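# Observations on the three-dimensional arrangement
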Amino acid sequence: MGNVICLFAGVLMTLSVFTVLVAQSSLTAQSLIRSGPMVGYSEMREVMLWVQLWKEAEVYIRYTDLESSEDYVTNTVHTDKDKVFTAHLLADQVRPGRQYEGELFINNEKVALQHPFTFQSQVLWQWRNDAPDFKFIAGSCFYNNDPAYDRPGTPYGGEYQIFDHINSQEADFMVWLGDNTYLREADYGTRTGILHRYSVARSLPEIQPLLSSMHHYAIWDDHDYGPNNSDRSYILKDATLEAFQLFWANPSYGLPGQKGITSRFKWSDCDFFLLDNRYFRSPNERGTGERTMLGKVQLEWLIDALKFSKAPFKFVCIGGMVLSDQAKFETYNNTHPAERDYLLNTIQKEGIKGVIFLSGDRHLSELSYWKPKGGVAVYDLTCSPVTSRPHKSNEPNTLLVKGTKISKRNFAVIEVTGSRNKRVLKMTLIDKDNKKRWTREISEKEWR
C-alpha cells in the first residue's frame, strides 16, 4: 500500500512539474511579444499579418476558416535584430469572402493573446452581386508621450482611450493618414533612432486590440518620414522608408522602378490611392528649379490611375490638405500651388468623377468642397489629430463646408452602402469622448 501511495505521489509531482513547465513556456512565449499581431492588407487570395517580438525567435500564425473550420499556417519567420524583430507573415491560403481567426505561435508554442485576433479576405462579388457595403476608419497624427525625449511642459499627446472608441466601430479597415509616429530630435539622425521610435509608438498598450481587430493601411507625412516639414533632401529618407516597410503591411511600396511608399488597393467597388508627399518633395521655400510635392512620375501615375478607375468613389490618401485655398502652413496651395492647380484642373479636364481626398497633418478636421461651374465635384476630408495636440484655428478656407471644422482629437468613420449605381458615402466625425460631431452624405448620383 505504501508503494502505491508513493507511486501516486510521484505521478502527482510529475504532473505538477509538467503543468508548471507548460505555464512557464506559455508565459515566456507571450512575454516575447512587443506589439501586435497586426492585420495588414486584404485581398481575395492573401492577407498579410505582422508582429514584433523582443528578441530572436521562430514565429508563425495558424489561421482557421470560420466557415469550414479548416486550419492553415503562414510562413515561418526567424526574427532578427537587424529588422528589430519584426515579422511579416503571409496568409496565402485564404479564399474570397471568408472570415478567419488567428493564433500566434512563437518557438512552436501557442501564445495566449489578450484580445481577439481576426481578419477577412475580400469578397468575389463582380458579375455575381452588388458590391458589398463596407466601413472604414480614417485618422492621422498619433503621438504617444515619451517624457525623456519630449519637449518640456504639457505633454503633446494624450487621451489614448480614443483607440477603444475606434475599435468599437467594428470597421473593416483603418487608413492611417500620416504622422503615425513622431520622430524626435534624438531619433531622426540615425537608423537606430528611427527604428527605436517606430518600435515605441507601435507598442503602446492602448492600440494593441485595434491592431488585431481590423485591417490597416498607411501613408506617411513629415513626422514619420523625418524632421518637421522634411522633404527630398532628408539624408536618411531611405532609413525611414525601410522603417515604414518593416512596420506597415501595405500591398506594395513605391511605383515600378521608383522608391517611396506609393501604393493602391481596392475595397469592394472603391479604389484607394496611397500617395507619398515627402520622398520626392522639393523644399517648401525653394524659389528656383523644380517645384513639386509628388514628383512628376507619381503625379502622372495618379492622374492615369484616377482616369482608369471605374469606382464610384476614388479615395486619394495624402498627408496634407489639398483643396483648402488658405495659404498657411503646409497646405498644397501654400507650398506647391502650381502643381496643385495642375492636378485639380486635370481632374476637371478629364472629367474624373468621384474624387475624394483624405488628408491629415493639420491637427484639426474639416471637410472642403470644390465644384467649378460646369465641372465635377471634388471633396477633401481632413481628419486630424488622433492623439496629438489639437490646433484651434480660424484660418480662411473659402471651400470649407460649414459646420465641419473640429479642433479636438477625433477620427472619421466612413461607410459606403447601396446598390449598383446608387452608392452612398457617409462620413461621420467622432471625437475623443466618442461623441458624434457631424455627419455628411454624398451620393454617387452627384457625379451623374
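Above this note sits the structure.
Residues numbered from 1 in each chain as written. Predicted model: local features only at pLDDT ≥ 70, side-chain atom pairs only at ≥ 80, totals over all residues. Heavy atoms only, no water.

### Overview of the overall build of the chain
Helices and strands together make up the secondary structure of the chain, namely nine helices and 21 strands. Expressed along its principal axes, the backbone C-alpha trace of the chain runs to roughly 100 × 55 × 45 Å. Relative to its full complement of 448 residues, the chain shows a buried share of 55%. A total accessible area of about 19,500 Å² is found for the chain, and carbon and sulfur atoms account for 54% of it. (Helix = DSSP H or I, 4+ residues; strand = E, 2+ residues; numbered from the N terminus. Buried < 20%, exposed > 50% of the residue type's maximum accessible area, 1.4 Å probe, protein only. Areas by Shrake-Rupley, 256 points an atom, 1.4 Å probe, with all protein chains shown as cover.)

### Quick word on unusual backbone geometry
For the bond from G36 to P37, the omega torsion is 5 degrees, close enough to zero to count as cis. Residues S384 and P385 are joined by a peptide bond in cis, for which omega reads -5 degrees. Looking at where P385 falls in the secondary structure, it is placed in the loop between β18 (378–382) and β19 (410–417). Backbone geometry places S69, a non-glycine residue, at a positive phi of 65 degrees. Within the secondary structure layout, S69 lies in the loop between β3 (58–65) and β4 (71–73).

### A look at the side chain of R98
Along the chain, the position of R98 falls in the loop between β6 (86–91) and β7 (99–106). Those residues in contact with R98, other than ones at most four positions away along the chain, are D65, E67, S68, F119, Q120 and S121. (Contact = heavy atoms within 4.5 Å.)

### Regarding the nonpolar core
With 99 residues, the main nonpolar core has F163, F272, F315, F357 and I414 as its most contacted residues. Sort the elements by how many residues they give to this core and helix α6 (residues 237–247) lands first, with six residues. Contact partners of F357, with chain neighbours within four places excluded, come to V316, I318, V322, L343, L344, I347, V378, Y379, D380 and L381. In this structure, V39, L53, V59 and I61 belong to the second largest nonpolar core, which totals 25 residues. (Core = buried A, V, L, I, M, F, W, Y, C linked by side-chain atoms within 4.5 Å.)

### Thoughts on the packing of helix α7 (residues 296–308) against helix α9 (residues 337–349)
It is at 11 Å that the axes of α7 and α9 come closest, and there the two elements cross at 15 degrees. Considering their axes alone, α7 and α9 lie roughly parallel with respect to each other. Judged by the twist between their axes, the crossing of α7 over α9 is right-handed. Across the interface between the two elements, L299, E300, L302, I303 and L306 of α7 pack against E339, Y342, L343, T346 and I347 of α9. Its residues placed into classes, the contact of α7 with α9 shows seven nonpolar, one polar and two charged. (Axes fitted to C-alpha atoms, helices over the stretch in contact; angles between N-to-C directions. Parallel < 35°, antiparallel > 145°, perpendicular 65-115°, else oblique. Left-handed = near helix turned anticlockwise from the far one by under 90°. Nonpolar A, V, L, I, M, F, W, Y, C, P; charged D, E, K, R; others polar.)

### Some thoughts on the pattern of salt bridges
Tallied over the full model, the rule gives 28 salt bridges. In this structure, the salt-bridge partner of R197 is D187, at a minimum N-O distance of 2.6 Å. Here R197, found in helix α3 (residues 191–202), pairs with D187, found in the loop between β11 (173–177) and α3; they are ten residues apart in sequence, far enough to count as distant. When the shortest N-O distance is used, the salt bridge between D431 and R437 registers 3.4 Å. Residue D431 is classed as buried on the basis of its relative accessible area, which comes to 2%. The exposure class of R437 is partly exposed, given its relative accessible area of 35%. Each of D65, E67, E70, R95 and R98 takes part in a single network of salt bridges with overlapping partners. (Salt bridge = Lys/Arg side-chain N within 4 Å of Asp/Glu carboxyl O.)

### Overview of the environment of D80
Of note, D80 is situated in the loop between β5 (77–78) and β6. Through-space distance from the C-alpha of D80 to that of L53 is 9.2 Å; in sequence the pair is 27 residues apart. Not counting residues up to four positions away in its chain, the partners in contact with D80 are E56 and F85.

### Some words on the environment of I303
Structurally, I303 can be placed in helix α7. When its relative accessible area of 6% is taken as the criterion, I303 is described as buried. Residues I303 and L343, spaced 40 residues apart in sequence, show a C-alpha to C-alpha distance of 7.6 Å. Sequence-distant contacts of I303, that is, excluding residues within four places in its chain, are made with Y342, L343, T346 and I352.

### Let's talk about empty space enclosed by the protein
Using the criterion set out here, one finds two cavities of 30 Å³ or more in the structure. Put simply, the largest cavity is a space of about 80 Å³. Tallying contributions element by element places α3 first for the lining of the largest cavity, with three residues. Its residues assigned to classes, the lining of the largest cavity shows seven nonpolar, two polar and one charged. Of the volumes computed, that of the second largest cavity is approximately 30 Å³. (1 Å grid on protein atoms, 1.4 Å probe; cavity = no way out; pocket = protein on both sides within 12 Å on 5 of 7 lines; lining within 4 Å. Points joined across faces, edges and corners; volume = space filled by probe spheres on them.)

### Here's the deal with α6
Most of α6 sits out of view: eight of its eleven residues are buried. Of all the residues in α6, the buried ones are K237, A239, T240, L241, A243, F244, L246 and F247. As for α6, its buried residues are in contact with β1 (33–42), β2 (47–53), β6, α3, β12 (215–219) and α5 (222–225).

### Quick notes on the pairing of β2
Buried residues dominate β2, accounting for seven of its seven residues. In β2, alternate side chains face the same way, and those of V47, L49, V51 and L53 on one face and M48, W50 and Q52 on the other are all buried. With five bridges joining them, β1 and β2 adopt antiparallel strand pairing. By the bridge assignment, V39 is partnered in β2 with L49. Linking two consecutive strands that pair antiparallel, namely β1 and β2, is a turn of four residues. Bridge count for β2 against β6 is six bridges, and the pairing is antiparallel. When the bridges of β6 are listed, V47 appears paired with A91. (Pairing = 2+ DSSP bridges.)

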